[in-house]
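Coordinate analysis (summary)
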Amino acid sequence: MSETESIRNPLSTAARAGFVSGGFVALLWLIEALDRILPGNFESRGLHPRSDEGLVGIVFAPLLHGGWDHLISNSLPLLILGFLLGMSGMRTFTITTAIIWIVGGVGVWVIAGSNTVHIGASGVVFGWLVFLIIRGFFARSLGQIILGIAVFLAYGTVLLGVLPGDPGISWEAHLFGAIGGAIAAWFARDDNDVSG
């Protein structure tokens, strides 16, 4: 679909954005269900800072959760923010998510405490959130700035999660996910991908 066709047909862009964000959350629910049914412990595949096996966790940690409550707390923000990001186009969605995933994982691997395991998609949530809040300022786009302000008003207090706080919550994943979102927003400043 060309950019012009996508602009003329926002319903197809919205459907694709909904499908991708919903599909991602459905995948997380499937993985959690398999973790509960199958023998073994999927969480052990999480990110172990500064260890060789922890490098694999950079890939798998955002897909793993420490139970249904953990997954439920991430699901609604993933659906909403993923949908809003998906409305920018699938290329923007994919590149932004990849940057957040890698920057978040590498940052946690480098600075998080030894003998810890980090899991969960909250780093992706923080990255998408920061991306959506600041992209408009980098792109000098009034529409994106308005969207960023709306997202900030809805979710801005969540950003306090980048600070050390409750034990058992990976503020490092939140912080580096947010940094990844800022980096992705800077890279996307000239990207007008609305074609998917």
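Let me sum up the structure you'll find in this document. Note that the coordinates shown come from a computational prediction; the quantities given were computed from them, not determined experimentally.

**Focus on the overall build of the protein chain**
Scanning the protein chain from N- to C-terminus turns up eight helices and zero strands. The N-to-C order of helical and strand elements in the protein chain reads α-α-α-α-α-α-α-α. A compact globule built from 196 residues should have a C-alpha radius of gyration of about 16 Å, and the protein chain, at 17 Å, falls within 12% of that. Dimensions of the protein chain, computed from the C-alpha atoms along their principal axes, are close to 50 × 35 × 30 Å. Residue burial in the protein chain is summarised as follows: out of 196 residues, 45% are buried. Partitioning the intrachain contacts of the protein chain with sequence separation of at least 6 by distance along the chain shows that 79% fall at a separation of at least 24. Accessible area for the protein chain stands at about 10000 Å²; split by element, carbon and sulfur atoms hold 70% of it. Computing the positive centroid from 9 side-chain charges and the negative centroid from 13, the protein chain places the two 9 Å apart.

**Quick word on the packing of aromatic side chains**
Two descriptors summarise a pair of aromatic rings, namely the distance from one centre to the other and the angle between the planes of the rings. Considering all chains together, one arrives at five aromatic pairs under this definition. The interplanar angle of 50 degrees and the centroid separation of 5.4 Å between the aromatic rings of F93 and W128 together place this pair among those described as tilted. Separated by 35 residues along the polypeptide, F93 in helix α5 (residues 90-111) and W128 in helix α6 (residues 122-139) bring together distant segments of the chain. The same class applies to F93 and to W128, which are both buried. Feature note: the residues F24, F93, W101 and W128 constitute an aromatic cluster, connected by ring pairs.

**Examining empty space enclosed by the protein**
Under the counting rule described, the total for this entry stands at one cavity of 30 Å³ or more. Lining the largest cavity are 18 residues, with P62, G104, G105, G120 and A173 sitting closest to its centre. When residues of the lining of the largest cavity are traced back to their parent elements, those giving at least two are α5, α6 and α8 (171-187). When residues in the lining of the largest cavity are grouped by element, the largest group, five residues, is from α5. Residue composition of the lining of the largest cavity, grouped by class: eleven nonpolar, seven polar and no charged.

**A word on the environment of G156**
Here G156 lies in the loop between α7 (142-155) and α8. On the basis of relative accessibility, which here comes to 11%, the residue G156 falls in the buried class. A sequence separation of 120 residues divides G156 from R36, and the C-alpha atoms of the two residues are 33 Å apart.

Procedures and definitions
Residues numbered from 1 in each chain as written. Predicted model: local features only at pLDDT ≥ 70, side-chain atom pairs only at ≥ 80, totals over all residues. Heavy atoms only, no water. Helix = DSSP H or I, 4+ residues; strand = E, 2+ residues; numbered from the N terminus. Rg over C-alpha atoms; globule rule 2.2 N^0.38 Å. Buried < 20%, exposed > 50% of the residue type's maximum accessible area, 1.4 Å probe, protein only. Contact = heavy atoms within 4.5 Å. Areas by Shrake-Rupley, 256 points an atom, 1.4 Å probe, with all protein chains shown as cover. Lys, Arg positive; Asp, Glu negative; His and termini not counted. Charge placed at Lys NZ, Arg CZ, Asp CG, Glu CD. Phe/Tyr/Trp six-rings, centres within 6.5 Å; stacked < 30°, edge-to-face > 60°. 1 Å grid on protein atoms, 1.4 Å probe; cavity = no way out; pocket = protein on both sides within 12 Å on 5 of 7 lines; lining within 4 Å. Points joined across faces, edges and corners; volume = space filled by probe spheres on them. Nonpolar A, V, L, I, M, F, W, Y, C, P; charged D, E, K, R; others polar.

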